[in-house]
Amino acid sequence: MASPYGNHQILVASNRGPVSYDVREDGELQAKRGGGGLVSGLSAIGPDRGALWVCSALGDGDREAVARGVGEDGVRMLDIDAEVHADAYNGIANSVLWFVHHMLYQTPLEPVFDKEFRRQWASYEEYNRAFARALADEAAEGAVAVVQDYHLTLVPGMLRQLRPDLRIGHFSHTPWAPVDYFRLLPDDIAEQVLRGMLGADRLGFLTQRWASAFTACAQELVGGLGDTRVGVHGLGADADFLRRRSHEPDVAARMVTLREQIGEGRKAIVRVDRTELSKNIVRGMLAYRQLLEDQPSWREQVVHVAFAYPSRQDLAVYRDYTAEVQRVADEINSAYGTPGWTPVLLHVDDDFARSLAAYRLADVALVNPIRDGMNLVAKEVPVVSDEGCVLVLSREAGAYEELGEDAIVVNPYDVVGTAGALHEALVMGAGERAERTKRLAAAATALPPAQWFLEQLRELEG
Ligand code: F6P
């Protein structure tokens, strides 16, 4: 008798998939492939294991691809109603759950959990249900399904109901909020999120700190973890890929241009981020300004190279933040710049080759997030650096757990302290800098993406 189930043994579910589509002027669809840990992880298991990646159509191009039946083997894109998706992704995932886990609210005035929030929450449930149903349809009997991130917290519980035979994992790429902050959520919603996650057999986090925070929330609000196991998998940098890619000719060409822009003989303090509220780009610039004030001898001798790529521009608060980053950069340049020296070099267009070029030539990397699940930039720079780079690292980044010892560690809110750390980094001798970089690179590559993914599968299959 034919099995009533699907035929995929391994399933991954995430909001953003490995491919997206644009409609070109001639009406043809153009596919763009993304990178990241999951892409390398899935490629490591090989095509014969019947893996399927379930993701959401995000823009008009993706929706058109679904409508035309265009797609890639091993990827199923869900065409969830655009308004439902916007409510779930922009309204709940990015404006509420992201804010809670990164502690981003300005609490005197927000959050406000009103009727509009409840309406959007219903969309979040519907969007999670669409994923759970798709996974339930596609999974072979006893298959493993690994659900990703805060967008899909309700999926494990929903999927468990539909398919008790599956082995279900959930992995959080973000921090998890401390109990008191998590309790900003309305009680029933907080409980629903936790119970949704606890539908999984196993929950993965990037650091022990986030795993412990989840466990504390579960203990405090729903009486514990029940049968769900919790594990830590600290995603590392993909050394082979980065070393190869950063020596391709387009990167070399970008290095020449960047070096010209920075100026021969000057030091470079580099940061590369999405323009993301949690990345703390503005305080990073304020710290740099403080450095120029406190140590005027650095004027004309150093450039702050800041790449801040567009992110989540549907949200007004992200657009405002992007404008503020630009405003502060302009302000520093007009206050301190000279005809031959632009103190802040800000680029806001995404260019991966140029990021790698900046990694290679950076003297100092500034990674100062308010709060961050891991922060892979902190792990990538030491791997790619040509001559060694000092890492100034926030103690609130997940990467701090593995890299803290060889970085110069900062409190991300302390602008004066960060200015001092930048100075210390700039004056560090070449020998120490190279030694530290070597140790940072080793720690950063301890768990490459493929192993990171396989490790989780083994735990679930085991
Ligand atoms: O976990 C954080 C995350 O969802 C990552 O997976 C991703 O790199 C980042 O945020 C970007 O988010 P978005 O898909 O909203 O652009």
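The structure displayed is predicted, hence computed values, not measured ones.

## Thoughts on the site of the ligand
Phase 1 of the analysis: In the region of the ligand, the neighbouring residues are Arg16, Tyr89, Asn94, Trp98, Asp149, Tyr150, His151, His173, Thr174, Arg274 and Arg312.
Phase 2 of the analysis: Contacts to the ligand include Arg16, whose side-chain N or O atom sits 2.8 Å from an oxygen atom.
Phase 3 of the analysis: Between the ligand and Arg312 there is a distance of 2.9 Å, counted from an oxygen atom to a side-chain nitrogen or oxygen.
Phase 4 of the analysis: If the ligand stood free it would expose 390 Å²; the protein chains cover 71% of that surface.

## Some details on the sheet that holds strand β7 (residues 167-171)
Phase 1 of the analysis: Strand order in the open sheet formed by seven strands is β5-β4-β1-β6-β7-β8-β9, and the pairing between neighbours is parallel. Either end of the sheet is taken by a strand with one partner, and the two such strands are β5 (75-78) and β9 (229-232). Averaged over all neighbouring strand pairs, the angle between strand axes comes to 20°, with direction disregarded.
Phase 2 of the analysis: Relative to β7, strand β6 (residues 139-148) runs parallel, the two sharing five bridges. Across the sheet, the residue bridging to Ala145 is Ile168, located in β7.
Phase 3 of the analysis: Contacting β1 (8-13), β4 (51-56) and β6, helix α1 (residues 37-45) runs over the sheet at an angle of about 155° to β4.

## Concerning the domain arrangement of the protein
The figure often quoted for interface size is the accessible area lost as the parts come together.
Phase 1 of the analysis: Here the domain parsing of the protein yields domain 1 (10-235 + 450-461) and domain 2 (239-444).
Phase 2 of the analysis: The centre of domain 1, based on its C-alpha atoms, is set 30 Å off from the matching centre of domain 2.
Phase 3 of the analysis: For the pair domain 1 and domain 2, the two sides together bury roughly 1,600 Å², of which 54% comes from carbon and sulfur.
Phase 4 of the analysis: Counting the surface domain 1 buries against domain 2, the share from its top three residues, Trp98, Arg209 and Leu235, is 28%.
Phase 5 of the analysis: Where domain 1 packs against domain 2, one counts one salt bridge.
Phase 6 of the analysis: Of the charged contacts in the structure, one is a salt bridge between Glu396 and Arg209, with a shortest N-O distance of 2.7 Å.
Phase 7 of the analysis: The interface formed by domain 1 and domain 2 includes 11 residue pairs in polar contact (both at pLDDT 80 or more).
Phase 8 of the analysis: Of all the elements in the fold, those that place two or more residues in the side of domain 1 that touches domain 2 are α3 (82-102) and α8 (208-222).
Phase 9 of the analysis: Counting residues per element, the side of domain 1 that touches domain 2 draws most heavily on α3, which supplies eight residues.
Phase 10 of the analysis: Taken together, the residues of the side of domain 1 that touches domain 2 break down into 13 nonpolar, 10 polar and one charged.

## Section: the nonpolar core
Phase 1 of the analysis: Trp176, Phe182 and Met285 are the most contacted members of the largest nonpolar core, which has 162 residues in total.
Phase 2 of the analysis: Built from parts of two domains, this core gets at least three residues from each of domain 1 (10-235 + 450-461) and domain 2 (239-444).
Phase 3 of the analysis: Apart from the residues within four sequence positions on either side, Trp176 is in contact with His101, Phe182, Val193, Leu194, Met197, Phe205, Trp210, Ala213, Phe214, Cys217 and Arg371.

## With respect to the packing of helix α4 (residues 115-138) against helix α5 (residues 155-162)
Phase 1 of the analysis: α5 packs onto α4 with a crossing angle of 45° between their chain directions and a minimal axis gap of 9 Å. For the element pair α4 / α5, the angle class is oblique. Here α4 and α5 pass one another in a crossing that is right-handed. Residues Glu125, Asn128, Arg129, Phe131, Ala132, Arg133, Leu135 and Ala136 of α4 pack against Val155, Met158, Leu159 and Leu162 of α5.

## A look at the side chain of Thr437
Phase 1 of the analysis: Structurally, the position occupied by Thr437 is in helix α17 (residues 430-444).
Phase 2 of the analysis: Assessed through its relative accessible area of 6%, Thr437 is described here as buried.

## Brief notes about the packing of aromatic side chains
Phase 1 of the analysis: In the structure shown here, the tally under the stated rule is 14 aromatic pairs.
Phase 2 of the analysis: Their ring planes at 50° and their centres at 5.3 Å tell us that Phe99 and Tyr105 sit as a pair that is tilted.
Phase 3 of the analysis: The class for Phe99 is buried, based on a relative accessible area of 7%.
Phase 4 of the analysis: Judged by relative accessible area, which is 12%, Tyr105 ranks as buried.
Phase 5 of the analysis: When the centroid spacing of 5.6 Å and the interplanar angle of 35° are considered together, the rings of Phe205 and Phe214 count as tilted. In this pair, the class of Phe205 matches that of Phe214, namely buried.
Phase 6 of the analysis: Three or more aromatic residues joined by ring pairs make a cluster, and in this case those are Phe113, Phe117, Trp121, Tyr124, Tyr127 and Phe131.
Phase 7 of the analysis: Sitting above the plane of the Phe307 ring, Arg354 keeps its charged end 4.7 Å from the centroid.

## Considering the side chain of Gln120
Phase 1 of the analysis: Of note, Gln120 is situated in helix α4.
Phase 2 of the analysis: Apart from residues no more than four positions distant in its own chain, Gln120 is found in contact with Asp87, Gly91 and Ile92.

## Concerning the pattern of salt bridges
Phase 1 of the analysis: If you walk through the whole model with that rule in mind, you get 35 salt bridges.
Phase 2 of the analysis: Of the charged contacts in the structure, one is a salt bridge between Arg195 and Glu191, with a shortest N-O distance of 2.9 Å. A residue pair is termed a helical-turn pair when its members lie 3 or 4 positions apart in one helix, as Arg195 and Glu191 do in helix α7 (residues 187-197) at four residues.
Phase 3 of the analysis: Given a relative accessible area of 46%, Arg195 falls into the partly exposed group.
Phase 4 of the analysis: Owing to a relative accessible area of 33%, Glu191 belongs among the partly exposed residues under this scheme.
Phase 5 of the analysis: The residue Asp250 makes a salt bridge to Arg245 at a minimum N-O spacing of 2.7 Å.
Phase 6 of the analysis: Under the relative-accessibility criterion, Arg245 is labelled buried at 15%.

## Quick look at helix α10 (residues 249-262)
Phase 1 of the analysis: Relative to the 20 Å expected for 14 residues at 1.5 Å per residue, α10 spans 20 Å between its end C-alpha atoms, a close match to the ideal helical length.
Phase 2 of the analysis: Taken together, the buried positions of α10 are occupied by Val251, Met255, Leu258 and Ile262. Projection of α10 onto a plane perpendicular to its axis shows the buried side chains occupying an angular sector of 70°, all on one side. Across from the buried face of α10, at angles greater than 90 degrees, the exposed residues are Pro249 and Glu260.
Phase 3 of the analysis: Those residues of α10 that are buried are in contact with α9 (239-245), β10 (267-274), β11 (302-309), β12 (344-347) and α13 (352-361).

Basis of the calculations
Residues numbered from 1 in each chain as written. Predicted model: local features only at pLDDT ≥ 70, side-chain atom pairs only at ≥ 80, totals over all residues. Heavy atoms only, no water. Near = heavy atom within 4 Å. Polar contact = N/O pair within 3.5 Å; in protein donor to acceptor, adjacent residues only side chain to side chain. Areas by Shrake-Rupley, 256 points an atom, 1.4 Å probe, with all protein chains shown as cover. Pairing = 2+ DSSP bridges. Helix = DSSP H or I, 4+ residues; strand = E, 2+ residues; numbered from the N terminus. Axes fitted to C-alpha atoms, helices over the stretch in contact; angles between N-to-C directions. Contact = heavy atoms within 4.5 Å. Domains from an automatic or database assignment. Buried area = accessible area lost by both parts, 1.4 Å probe. Salt bridge = Lys/Arg side-chain N within 4 Å of Asp/Glu carboxyl O. Nonpolar A, V, L, I, M, F, W, Y, C, P; charged D, E, K, R; others polar. Core = buried A, V, L, I, M, F, W, Y, C linked by side-chain atoms within 4.5 Å. Buried < 20%, exposed > 50% of the residue type's maximum accessible area, 1.4 Å probe, protein only. Parallel < 35°, antiparallel > 145°, perpendicular 65-115°, else oblique. Left-handed = near helix turned anticlockwise from the far one by under 90°. Phe/Tyr/Trp six-rings, centres within 6.5 Å; stacked < 30°, edge-to-face > 60°. Lys NZ or Arg CZ within 6 Å of the ring centre and 35° of its normal. Expected span 1.5 Å × (residues − 1). Arc of directions from axis to C-beta.

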